[in-house]
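If you want the building blocks of each chain, they are given just below.
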Amino acid sequence: MKENMVNMGRRGLMLVLSSPSGAGKTSIAKKLLETDKNLSLSVSVTTRAARKEETHGKDYNFISQAEFNQLIEKNQLLEYAQIFENYYGTLQAPVETALGLGKDVLFDIDWRGTQQLSETSRGDLVTVFILPPSWSDLEKRLFKRAQDSETEIQKRMSKASEEISHWAEYDYVIVNEDFEQSVNNIKSILAAERLKRRRQTGLSEFVKGLQK
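Residues numbered from 1 in each chain as written. Predicted model: local features only at pLDDT ≥ 70, side-chain atom pairs only at ≥ 80, totals over all residues. Heavy atoms only, no water.

**Describing the pattern of salt bridges**
This model, assessed by the stated rule, comprises 13 salt bridges. Between Asp124 and Arg11 there is a salt bridge, with its nearest N and O atoms 2.9 Å apart. In this pair, Asp124 sits in the loop between helix H4 (111-121) and strand S8 (125-131) while Arg11 sits in the segment before strand S1 (14-18), placing the two residues 113 residues apart along the sequence. Overall, Asp124 belongs to the buried group, its relative accessible area being 14%. The partly exposed category is assigned to Arg11, whose relative accessible area is 28%. The closest approach of N and O atoms between Glu205 and Lys208, which form a salt bridge, is 3.5 Å. Of this pair, Glu205 and Lys208 both sit in helix H8 (residues 203-211), three residues apart, which is roughly one turn of the helix. (Salt bridge = Lys/Arg side-chain N within 4 Å of Asp/Glu carboxyl O. Helix = DSSP H or I, 4+ residues; strand = E, 2+ residues; numbered from the N terminus. Buried < 20%, exposed > 50% of the residue type's maximum accessible area, 1.4 Å probe, protein only.)

**Focus on helix H7 (residues 179-194)**
Over its 16 residues, H7 extends 23 Å from the first C-alpha to the last, a length consistent with the 22 Å expected when each residue adds 1.5 Å. When we look at burial in H7, the residues that qualify are Ser182, Val183, Ile186, Ile189, Leu190, Glu193 and Arg194. Across the axial projection of H7, the buried residues extend over an arc of 125°, all falling on one side. Buried residues along H7 sit against S1, helix H1 (25-35), strand S2 (39-41), strand S7 (104-108), S8 and strand S9 (172-175). With a side-chain oxygen positioned 3.3 Å from the backbone nitrogen of Glu180, the residue opening H7 is Asp178. (Expected span 1.5 Å × (residues − 1). Arc of directions from axis to C-beta. Contact = heavy atoms within 4.5 Å. Polar contact = N/O pair within 3.5 Å; in protein donor to acceptor, adjacent residues only side chain to side chain.)

**Observations regarding the packing of aromatic side chains**
Applying the stated criterion to the full structure yields five aromatic pairs. When the ring of Tyr60 is compared with that of Tyr88, the centres are 5.8 Å apart and the planes differ by 65°; the resulting orientation is edge-to-face. Within this pair, whereas Tyr60 is found in the loop between strand S3 (45-46) and strand S4 (61-62), its partner Tyr88 is found in strand S6 (residues 86-91), the two being separated by 28 residues in sequence. Judged by relative accessible area, Tyr60 falls into the buried class, the value being 18%. Classification of Tyr88 as buried rests on a relative accessible area of 15%. Each ring, one from Phe68 and one from Tyr80, has its centre 6.2 Å from the other, and the planes form 75°; the classification is edge-to-face. Taken together, the residues span a long stretch of sequence, with Phe68 in helix H2 (residues 65-73) and Tyr80 in strand S5 (residues 77-83) at a distance of 12 residues. Look at Tyr80 and you get partly exposed, because its relative accessible area is 32%. (Phe/Tyr/Trp six-rings, centres within 6.5 Å; stacked < 30°, edge-to-face > 60°.)

These results come straight from atomic positions and should not be treated as a statement about function.
Laid out in C-alpha cells, this is it:
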C-alpha cells in the first residue's frame, strides 16, 4: 500500500525583486505570479497617482500623504521609502499572516526598502537584483514602454546608476538578457529556498518520529 505523502509544514518566505526602472522586474514578477499558485504579490501603499492601466488594490493601494503618515506613526509598515516625489511602503499585517500560513510573498521594491526588510525580517527574506544587459538597452526599454514622459525617463536614467550600485547587497543577481531564462532562474532560486531547513517548521518533530 502506498504511504501518505509527508506534509511537515513550511513557513513562507519573502521574495524581493529589485532593479533600476526598465530592467524588467515588473514583467518577471507578473510571470512568476501567473505560474506559481503559492506566490502572491505584496501590494504596496503609495502616495503617487495611479497610471491609466493601474487598479487600486491590485497594482498599488493609492492613499494620501496624511494616510501614509498615520501608517508610519502606528508602526504598521514593514518598510517605506520616498522615491522621487512619492512615498511607497509595505503593510505589515497581511505579510505576517501569509508567512504564517506557509504562503510566499513577492516584493517589487527598491534597495532602500530591501535594507529595511533585512533589518527586521532577514530570516524570511530572499533577495534578487535584476540587471539590464547594457545601459543602452535600459534606456530603450524605458522609451519603448511609453509609460512616462521624456523628462521622467531621463530622471529615472540618472537614478539608475545609484540603484545599480547596491547590487552586491542582494543574495542573487540576474542579468535579464533573456526574459524566459531570467524567470526560470528565479523559479530555481525559489525551489531551493523553499527547501531550506529553517523553513521546514515540522522537520524536527518528523525526525524525532523517525528515530523512535
